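Summary of structural features
The primary structure of each chain is shown beneath.
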Amino acid sequence: MNAFSKSERRISQSGEMAVESAVPGTSRLDRWLAVLVEQKGSDLLLIPGAPVSIRFEGEVRSIESEPLQGPEIEAAVLPALTPHALQLYQQTHIGDSSYRVAGLGRFRINLHHERGQAAAAIRALPAKLPSVRELHLPPGVESLARLRRGLVLVGGATGSGKSTTLAALIDEINRHEARHIITIEDPVEYEHLHIRSVVEQVEIGVDAPDFPTALRAALRQAPDIIVVGEMRDPETMRIVVAAAETGHLVFSTLHTTDVPSTISRISDSFPPERQHTIRQELAMALAAVLVQVLLTSKNGGRVPAAELLMVGYGARQHIRRNALQHLHQEITITKNKGSFTLEESLVQLVNHGHVEREDALLYANHPDDLNSLLKG
């Protein structure tokens with residue numbers, strides 16, 4: 001069943017279908033979102049049995065005293081979903097949607113179930129695309145926007161800023177190069193204008209039924225650059241790797257914690273008999289792997305740390321042999337190509353007074369290395 005009429009849908013500049021705040025039944029949700037924006041929070045959390053909460057600088061705080069129940073959450077959020085997200089939610093109890101509120105901006109909705117009741121996490125999307133420098137990412141990340149071909153993977157936990165980094169890199173290309181860029185997302189998060197490049201933004205459920213279909217169509221449209229919001233299934237991964245092998249520059253994200261796990265996530269998604277072949281293809285296609293985390297800053301806000309592997313001959317050999325434990329050493333070996341370890345990034349944050357030493361150690365993949373660097 002469609003929750004809203006055609007007159008209640010709006011088409012944004014990018015072609016994305018978003019729902020305006022005039023949709024009946026969303027006034028309660030809009031009031032909560034207004035508080036989120038006023039308090040400069042990043043996420044609105046609607047969890048059954050808990051009061052309405054927002055995330056501010058990494059910490060969760062309540063904005064109402066009374067706990068919510070699942071039916072209340074469903075009643076507030078369902079009208080804000082696009083038809084595709086609503087259909088998926090009715091079938092699977094999981095729906096992702098973009099949502100626009102006049103005067104407040106755009107939001108990404110994830111409506112789901114927990115303990116048999118509806119729950120929602122809603123992310124505020126900045127109106128202005130941040131630049132790579134404004135994100136305060138380690139020096140060298142910007143160089144990813146100058147690559148000509150290959151696969152660039154951006155890994156990190158949920159909420160680590162992967163999508164924002166990806167959008168900033170595309171914006172960097174858009175401002176300096178005349179390219180044909182196609183983004184495929186579910187839903188579209190950041191809207192890109194046509195500056196020097198032409199940017200097409202395909203939303204799953206609105207412009208295409210799924211990622212593999214959208215990818216196959218994109219390859220027939222002569223793109224220079226393809227952005228896949230997230231690789232969720234082997235078929236999407238297979239097409240992405242093939243596209244990067246054939247000369248396209250492809251960016252995508254994965255929920256991972258370090259460089260080796262980012263690479264293994266792809267090969268491990270395939271049946272055992274296919275894993276050797278996909279590793280060979282991945283070894284040829286990969287150009288770079290970036291993995292990032294967000295830490296609470298001593299000065300307020302959050303700051304990113306990251307590790308970057310610029311893939312060269314040695315890394316390709318390790319990937320082919322499935323000897324991913326050697327990739328950390330490979331990052332050190334290829335520093336002259338722009339690679340850097342997470343520990344080197346964390347040291348810079350500690351030395352510049354942005355984070356405490358103890359906090360940096362909590363996020364390090366190799367604490368002994370970090371201790372040695374801090375002593376040095």
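Here we come to the side chain of Arg279. Note on placement: Arg279 falls in helix 8 (residues 272–285). One buried charged residue, Arg279, remains without a salt bridge, the closest side chain of opposite sign being Asp268 at 5.4 Å.

What follows deals with the layout of surface pockets. A volume near 340 Å³ is recorded for the second largest pocket. Lining of the second largest pocket is provided by 22 residues; of these, Pro126, Ala127, Lys128, Leu129 and Glu191 occupy positions nearest its centre. Taken together, the elements giving at least two residues each to the lining of the second largest pocket come down to strand 7 (105–114) and helix 4 (162–176). Looking at the lining of the second largest pocket element by element, the count peaks at three residues for helix 4. Here the residues of the lining of the second largest pocket are counted per class, giving eight nonpolar, six polar and eight charged.

On to the packing of helix 6 (residues 234–245) against helix 8, then. The interhelical angle for the contact between helix 6 and helix 8, taken along N-to-C directions, is 40°, at an axis separation of 8 Å. Taken together, the axes of helix 6 and helix 8 lie oblique to each other. Crossing handedness for the pair helix 6 and helix 8: left-handed. Facing Arg238, Val241, Ala244 and Glu245 of helix 6, the residues of helix 8 in contact are Arg274, Glu281, Leu282, Met284 and Ala285. Here the contact of helix 6 with helix 8 is built from residues that sort into five nonpolar, no polar and four charged.

Turning to the sheet that holds strand 3 (residues 43–46), a few remarks are in order. In space, the six strands of this open sheet follow the order 5-4-3-8-7-6, with antiparallel pairing throughout. For this open sheet the edge positions go to strand 5 (59–67) and strand 6 (95–101), each flanked by a neighbour on one side alone. Direction aside, neighbouring strands of the sheet carry axes that sit 20° apart on average. As paired strands, strand 4 (residues 51–56) and strand 5 are joined by five bridges and run antiparallel to one another.

Pairing is mixed across the open sheet formed by seven strands, whose spatial order is 11-10-12-13-9-14-15. A strand with exactly one partner marks an edge of an open sheet, and here the two such strands are strand 11 (198–203) and strand 15 (302–310). Adjacent strand axes in the sheet meet at a mean angle of 15°, parallel and antiparallel pairs treated alike. When strand 12 (residues 225–228) meets strand 13 (residues 249–254), the two strands line up parallel, connected through four bridges.

Another point: the pattern of salt bridges. Counting across every chain of the model gives 17 salt bridges. We note a salt bridge from Arg133 to Glu142, for which the minimum N-O separation is 3.4 Å. Glu142 gets classed as buried once you look at its relative accessible area, which sits at 17%. Here Arg216 makes a salt bridge to Glu235, at a shortest N to O gap of 2.6 Å. Placement of Arg216 in helix 5 (residues 211–219) and of Glu235 in helix 6 is noted, with a sequence separation of 19 residues between them.

Assignment of secondary structure puts Thr165 in helix 4. With residues near it in sequence (within four places) discarded, Thr165 still touches Leu135, Leu137, Leu290 and Gln292.

Moving on, we get to the pairing of strand 10 (residues 180–185). With six of its six residues buried, strand 10 lies for the most part within the structure. Here strand 10 shows no split at all, with His180, Ile182 and Ile184 on one side and Ile181, Thr183 and Glu185 on the other all buried. Note that strand 10 and strand 11 share six bridges and pair parallel. Residue pairing in the sheet places Ile182 in a bridge with Glu200 of strand 11. Pairing geometry for strand 10 and strand 12, over four bridges, is parallel. Counterpart to Thr183 in the pairing with strand 12 is Val227.

With 93% of its residues at a pLDDT of at least 70, the chain reaches an overall mean of 91. Low pLDDT (under 50) marks residues 1–22, which in the prediction has 64 contacts with non-local residues, meaning those over four places away or in another chain.

What follows is about the packing of helix 8 against helix 9 (residues 313–321). It is the contact of helix 8 with helix 9, at a shortest axis distance of 8 Å, that shows an interaxial angle of 170°. Classified by the interaxial angle, the pair formed by helix 8 and helix 9 is roughly antiparallel. At the point where helix 8 passes helix 9, the crossing takes the right-handed sense. Contacts between helix 8 and helix 9 involve Arg279, Gln280, Ala283 and Met284 from the first element and Arg316, Ile319 and Arg320 from the second.

So, on to the nonpolar core. The biggest cluster of nonpolar side chains holds 40 residues, and the ones touching the most others in it are Leu151, Ile184, Ile263, Ile266 and Leu286. Ranked by the residues each element gives to this core, the list is headed by helix 6, at six residues. Those residues in contact with Leu286, other than ones at most four positions away along the chain, are Leu151, Leu153, Ile263, Val311, Arg316 and Ile319. Among the nonpolar cores identified, the runner-up in size contains 26 residues, and Val154, Val199, Ala306 and Met310 belong to it.

All of the buried residues in helix 2 (residues 70–77) are Gly70, Ile73, Ala76 and Val77. Viewed end-on, helix 2 has its buried residues packed into an arc of 130°, placing them on one side of the element.

The rules behind each value
- Residues numbered from 1 in each chain as written.
- Predicted model: local features only at pLDDT ≥ 70, side-chain atom pairs only at ≥ 80, totals over all residues.
- Heavy atoms only, no water.
- Helix = DSSP H or I, 4+ residues; strand = E, 2+ residues; numbered from the N terminus.
- Buried < 20%, exposed > 50% of the residue type's maximum accessible area, 1.4 Å probe, protein only.
- Lys, Arg positive; Asp, Glu negative; His and termini not counted.
- Salt bridge = Lys/Arg side-chain N within 4 Å of Asp/Glu carboxyl O.
- 1 Å grid on protein atoms, 1.4 Å probe; cavity = no way out; pocket = protein on both sides within 12 Å on 5 of 7 lines; lining within 4 Å.
- Points joined across faces, edges and corners; volume = space filled by probe spheres on them.
- Nonpolar A, V, L, I, M, F, W, Y, C, P; charged D, E, K, R; others polar.
- Axes fitted to C-alpha atoms, helices over the stretch in contact; angles between N-to-C directions.
- Parallel < 35°, antiparallel > 145°, perpendicular 65-115°, else oblique.
- Left-handed = near helix turned anticlockwise from the far one by under 90°.
- Contact = heavy atoms within 4.5 Å.
- Pairing = 2+ DSSP bridges.
- pLDDT = per-residue confidence, 0-100.
- Core = buried A, V, L, I, M, F, W, Y, C linked by side-chain atoms within 4.5 Å.
- Arc of directions from axis to C-beta.

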